[in-house]
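Reading the structure
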Amino acid sequence: MKKWLIGALICPQCRDSDIVLEPDIHTQTDDEIIEGRLVCSQCSQAYEIHEGIAVVVPEQTLPMIQDATGYNSFSMLSSYLWSHYSEFFNGPDATDAYQRWARTFDAQRSGWALDIGCAVGRLTFEMTRTHDRAVGVDTSISFVRAARELAERKQLAFDLIMEGQITEKRSCDLDPAFGFDQAEFIVADAMALPFPSRRFATVSSVNILEKVPDPLRHLAEANRVMHEKEARFLFSDPFSWDETVNSPALWLGGTNEGAFNGFGMDNICKLFQDPESVFSPGFTIQDKGQVLWKIRKTRNLWEHITSQFVVAERK
Ligand SMILES: C[S@@+](CC[C@H](N)C(=O)[O-])C[C@H]1O[C@@H](n2cnc3c(N)ncnc32)[C@H](O)[C@@H]1O
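Along each chain, residues carry numbers from 1 onward, in the same order as the chain's sequence is written. Reporting in this predicted model follows two pLDDT cut-offs: at least 70 for local features of residues, and 80 or more for side-chain atom pairs to be given and counted; totals over whole chains, interfaces and linings ignore these cut-offs and use all residues. Computation of side-chain values covers all heavy atoms of the structure but excludes hydrogens and water.

Here's the deal with the domain arrangement of the protein chain
Put simply, the rule is: Residue ranges assigned to each domain were obtained from an automatic or database domain assignment. Contact criterion: two residues are considered in contact whenever any of their non-hydrogen atoms come within 4.5 Å of each other. In this description, buried area is defined as the sum, over both parts, of the accessible area (probe of 1.4 Å) that is lost when the two are combined. Here, a salt bridge means any Lys or Arg side-chain nitrogen found within 4 Å of an Asp or Glu carboxyl oxygen. Within 3.5 Å is the distance limit for a polar contact, defined as a pair of N or O atoms, with the added protein rule that one can donate a hydrogen and the other accept it, and that residues adjacent in sequence qualify only through two side-chain atoms. Throughout this entry, Asp, Glu, Lys and Arg are counted as charged residues, while Ala, Val, Leu, Ile, Met, Phe, Trp, Tyr, Cys and Pro are counted as nonpolar. The remaining residues, Gly among them, count as polar.
For the protein chain, the assigned domains read domain 1 (1-56) and domain 2 (63-314). Each of domain 1 and domain 2 has a C-alpha centre, and these two points are 23 Å apart. Domain 1 puts 17 residues into the contact, and the matching count from domain 2 is 29 residues. Approximately 1,800 Å² of surface area, both sides summed, lies buried where domain 1 meets domain 2, with 60% of it carried by carbon and sulfur atoms. By the criterion of area lost to domain 2, the three top residues of domain 1 are W4, R15 and I53, representing 35% of everything that side buries. Our count for the contact surface shared by domain 1 and domain 2 stands at 3 salt bridges. For E221, the salt bridge is made with R15, and the minimal N-O distance between the two is 3.3 Å. In this assembly, domain 1 and domain 2 are joined by 11 residue pairs in polar contact (both at pLDDT 80 or more). Within the side of domain 1 that touches domain 2, the residues separate by chemical class into 11 nonpolar, 2 polar and 4 charged.

See below:
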């Protein structure tokens, strides 16, 4: 974990913004903690840093990050490295979705940016172009490891799945304009972020809302860590609600009854404009639209996804 994150992390269980986690360093380089712990002086909980990866999640999130299937699987890594970086190795059919989302960060901002559900880090790297620092968080250790390796090597080299266990090597340089030293990735939960309130100038939640057990709680956490003034939020999602992922009672759209009946994007926009909602103080919507996004599973299988986005600001 890069040392510049020391002092910027709090306990995800206590979530007391005034008590930052204390480092207990076992091995280190000039810039990074390689092995060690981050300790909460209030509840005494210790969060491990192993092979440079900080895991700062509440206890109830641990089963999710220890699961070797889903977003920790080999096939997901191939899919997401292709999706985030295929433009750089001239992959045929590459998606420009991340460039499109990144265009919403066109203005230079002082302050830090947070990419919630960063996967293998493309949007986090894009955020370094316009922010002092950018932090990516995800519950997949495999994704966070891959993103950290990309930051260190400034190059991509991986096995792209062709079919089943048959793979081909792909490699390329990443954009040298990325601020590799200004980006860091940690394992953290979108519903219990280990950051003090009001820490970030910009926050993104891209294609994660429908994946978390309690979507409204995720939005409340995103709001908590955003500046009270001069904050920007990039939100995007396909709203492909799935009752095997989260309870329909907690969906923010896709139902015919309840407080969030109707379409997800309409409800999210209402939340932004309602000063009594999880977004407080309220936001003004600056831009809205859709991004055509692709995930590649094998040489014969792509998912084509329409992700609806909204960029909201508060002055
Ligand atoms: C559909 S992927 C989208 C990834 C990335 N934002 C993108 O658009 O390419 C959802 C991501 O959210 C992560 N995720 C799922 N639940 C999470 C949680 N509770 N906290 C943080 N990340 C989570 C997954 O590991 C995965 O990387």
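Moving on from the model shown.
Topic: the environment of S41
Inclusion rule: Each helix corresponds to a stretch of at least 4 residues labelled H or I by DSSP, and each strand to a stretch of at least 2 residues labelled E; elements are numbered beginning at the N terminus. Throughout, exposure labels follow a simple rule: accessible area from a 1.4 Å probe, protein chains only, divided by the maximum for the residue type, with under 20% read as buried, over 50% as exposed, and the rest as partly exposed.
With respect to the element layout, S41 can be found in the loop between β2 (33-39) and β3 (46-50). According to the relative accessible area criterion, S41 is exposed, its value standing at 55%. The spatial distance from the C-alpha of S41 to the C-alpha of N223 is 25 Å, given a sequence separation of 182 residues.

Considerations on the UniProt feature "domain: Methyltransferase type" (unreviewed entry) in the protein chain
Put simply, the rule reads: UniProt positions are given in the numbering used here, feature names are shortened, and annotations may be inferred rather than shown by experiment.
Per the UniProt record, "domain: Methyltransferase type" (unreviewed entry) is found at residues 114-227. Overall, residues 114-227 shows 26% helix and 33% strand. The separation of its end C-alpha atoms is 12 Å.

As for the pattern of salt bridges
Evaluated as defined, the whole model comprises 17 salt bridges. For the salt bridge of E168 with R170, the shortest nitrogen-to-oxygen distance reads 3.1 Å. Ionic pairing is found between E303 and K297, a salt bridge with its closest N-O pair at 3.4 Å. Owing to a relative accessible area of 25%, K297 belongs among the partly exposed residues under this scheme. Counted as one network, the salt bridges with shared partners bring together E87, R122, E126, R129 and D175.

Brief notes about the side chain of H84
Relative to the helices and strands, H84 resides in helix α2 (residues 74-85). A distance of 3.1 Å separates polar atoms of two side chains, one belonging to H84 and the other to Y98. The residues touching H84, leaving out its near neighbours within four places in the chain, are Y98, C118, A119, V120, G121 and R122.

Concerning the sheet that holds strand β10 (residues 200-206)
Condition: The pairing criterion for strands is at least two bridges between them, as found by DSSP. Convention adopted: a line fitted to C-alpha atoms gives each axis, helices being fitted over their contacting stretch, and angles between N-to-C directions are expressed from 0 to 180 degrees.
If you trace the 7 strands from one edge of the open sheet to the other, you get β9-β6-β5-β10-β11-β13-β12, paired in mixed fashion. Edge positions in the sheet fall to β9 (183-187) and β12 (284-298), since each has one partner strand and no second. Strand-to-strand twist across the sheet, computed as the mean angle between neighbouring axes with direction ignored, equals 20°. Here strand β11 (residues 231-237) runs beside strand β13 (residues 301-314); their pairing, made up of 7 bridges, is antiparallel. The partner of D237 across the bridge, within β13, is Q308. Its contacts with the sheet put α2 on β12 and β13, and the angle it makes with β12 is roughly 130°. Each of β11, β12 and β13 touches helix α7 (residues 264-273); the most contacted strand, β13, lies at about 20° to it.

Let's talk about the layout of surface pockets
As a reminder, the rule being used: Both site types are read off a 1 Å grid over the protein atoms alone. A 1.4 Å probe that fits but cannot get out defines a cavity, while an open set with protein on both sides within 12 Å along at least five of seven lines defines a pocket; lining residues have an atom within 4 Å of a point. Grid points are joined across faces, edges and corners, and a volume is the space filled by probe spheres set on the points.
The computed volume of the largest pocket comes to approximately 950 Å³. Lining the largest pocket are 41 residues, with Y71, T139, N207, I208 and K211 positioned closest to its centre. When contributions to the lining of the largest pocket are tallied by element, the ones reaching two or more residues are α2, β5 (112-116), β6 (133-138), β12 and β13. In terms of residue class, the lining of the largest pocket is made up of 23 nonpolar, 9 polar and 9 charged. In this structure, the second largest pocket spans a volume of roughly 390 Å³.

Quick notes on α2
Applied cut-off: One less than the residue count of a helix, multiplied by 1.5 Å, gives the span that helix is expected to have.
Relative to the 16 Å expected for 12 residues at 1.5 Å per residue, α2 spans 16 Å between its end C-alpha atoms, a close match to the ideal helical length. Considered for burial, the residues of α2 that qualify are M76, S78, S79, Y80, L81, W82, S83, H84 and Y85. Looking at the buried side of α2, the elements it contacts are α3 (97-102), α4 (122-127), α5 (141-153), β7 (155-163), β12 and β13.

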